[in-house]
Amino acid sequence: LYANIGNSKDLAAVLQNDAGGIGLFRSEFLYLERETFPTEEEQFQIYRTVAETMAGKPVIIRTLDIGADKKCDYFEMEPEENPAMGCRAIRICLTRPEIFKTQLRALFRASAFGNISIMYPMIISVEEVHRIKEIVAEVKQELTEQGVAFGEPKQGIMIETPAAVMISDLLAEEVDFFSIGTNDLTQYTLAIDRQNSKLDNIYDSHHPAVLRMIQKTIENGHKAGCWVGICGELGADMTLTETFLKMGIDELSVSPTFVLPIRKLIREMSTK
Ligand code: PEP
Ligand code: MG
């Protein structure tokens, strides 16, 4: 049972609530809280501190996921009609590899100091994963040539689009793990803007389509030897904990305050 954090200030809560690791470190806060791009060194120090503070427990850091609701002026993005379906997350990183490479260098360097995994958001195709691998290979080669030490982090992807679910058998061949982002997966499956409060009454993460997608992702992940977690809000829904365990989920990542109640629930279930 891991914790989600959106800010390194949340680290204290992770420790206090005795999370087994960090299942989602939303790295975009590093970019959102400022007026200019964070440097490689600044990012490295933060990732390293998080990894060292967790003392060997897993820390899954998600690469930049801005766009849609998360805006950053200095990226100078063109306004979009439909930002939730626009240029966001990995799409920005793949079209602006200099930004992506800076973050990857910091992550690979920091992973020499702790148990870091890297997770890529908003994946829709195998080609994207291949492109990521090419960029990662360049980063490693450059670090090697420069004599800079780095680790070998595990690499995984978020499954948060219906496209990724439908090709999860193919994607599973490419990566070490999946983490299901139920917030976006619900939004894109039901075609409901997750930020439109007028639709809250029909934004239903328990919709059978969403639950079947989770099931399918777990099955396809396991067939290829990937572990599969959930890091969206639904992971903390205690009415579904038993269902997720029966589906075979390997990890749930939830807000720090949910860690202890859910752990208690799981222990009670296993002694039943
Ligand atoms: C998700 O989409 O479920 C998720 C965990 O990512 P975010 O909420 O940051 O988009
Ligand atoms: Mg998401």
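Residues numbered from 1 in each chain as written. Chains lettered and ligands numbered in written order. Predicted model: local features only at pLDDT ≥ 70, side-chain atom pairs only at ≥ 80, totals over all residues. Heavy atoms only, no water.

## Topic: the packing of helix 3 (residues 40-53) against helix 5 (residues 97-110)
Line of reasoning, step 1. Two numbers describe how helix 3 lies on helix 5: the axes approach to 8 Å, and their chain directions differ by 35°. Note that helix 3 runs across helix 5; the crossing there is right-handed. For the pair formed by helix 3 and helix 5, the contact residues are Glu 40, Glu 41, Gln 43, Phe 44, Tyr 47 and Arg 48 on the first element and Thr 102, Gln 103, Arg 105, Ala 106, Leu 107, Arg 109 and Ala 110 on the second.
Line of reasoning, step 2. Across the contact of helix 3 with helix 5, the residue classes tally to five nonpolar, three polar and five charged. (Axes fitted to C-alpha atoms, helices over the stretch in contact; angles between N-to-C directions. Helix = DSSP H or I, 4+ residues; strand = E, 2+ residues; numbered from the N terminus. Left-handed = near helix turned anticlockwise from the far one by under 90°. Contact = heavy atoms within 4.5 Å. Nonpolar A, V, L, I, M, F, W, Y, C, P; charged D, E, K, R; others polar.)

## Some points on the pattern of salt bridges
Line of reasoning, step 1. This structure, assessed with the given rule, holds 20 salt bridges.
Line of reasoning, step 2. Between Lys 133 and Glu 174 there is a salt bridge, and its shortest N-O distance comes to 2.9 Å. Of this pair, Lys 133 sits in helix 6 (residues 126-145) while Glu 174 sits in the loop between helix 8 (168-172) and strand 6 (177-180), placing them 41 residues apart in sequence.
Line of reasoning, step 3. With a shortest N-O distance of 3.1 Å, Glu 152 and Lys 140 are connected by a salt bridge. With Glu 152 in the loop between helix 6 and strand 5 (154-159) and Lys 140 in helix 6, the pair connects residues that are 12 residues apart, well separated along the chain.
Line of reasoning, step 4. Residue class for Glu 152 comes out exposed when judged on its relative accessible area of 59%. (Salt bridge = Lys/Arg side-chain N within 4 Å of Asp/Glu carboxyl O. Buried < 20%, exposed > 50% of the residue type's maximum accessible area, 1.4 Å probe, protein only.)

## Topic: the side chain of Arg 62
Line of reasoning, step 1. Among the secondary structure elements, Arg 62 is positioned in strand 3 (residues 59-62).
Line of reasoning, step 2. On the basis of relative accessible area, Arg 62 is assigned to the buried category, the value being 3%.
Line of reasoning, step 3. A distance of 2.5 Å separates a polar atom in the side chain of Arg 62 from a polar atom in the side chain of Glu 28.
Line of reasoning, step 4. Apart from residues no more than four positions distant in its own chain, Arg 62 is found in contact with Leu 24, Phe 25, Arg 26, Ser 27, Glu 28, Lys 70, Gln 103, Met 119, Pro 121 and Met 158. (Polar contact = N/O pair within 3.5 Å; in protein donor to acceptor, adjacent residues only side chain to side chain.)

## Digging into empty space enclosed by the protein
Line of reasoning, step 1. The full count for this structure, using the stated rule, is one cavity of 30 Å³ or more.
Line of reasoning, step 2. Of the volumes computed, that of the largest cavity is approximately 40 Å³.
Line of reasoning, step 3. Every residue lining the largest cavity is listed: Asn 4, Cys 231, Gly 232, Glu 233, Ala 236, Ser 253, Val 254, Ser 255 and Phe 258.
Line of reasoning, step 4. Taken together, the residues that form the lining of the largest cavity break down as four nonpolar, four polar and one charged. (1 Å grid on protein atoms, 1.4 Å probe; cavity = no way out; pocket = protein on both sides within 12 Å on 5 of 7 lines; lining within 4 Å. Points joined across faces, edges and corners; volume = space filled by probe spheres on them.)

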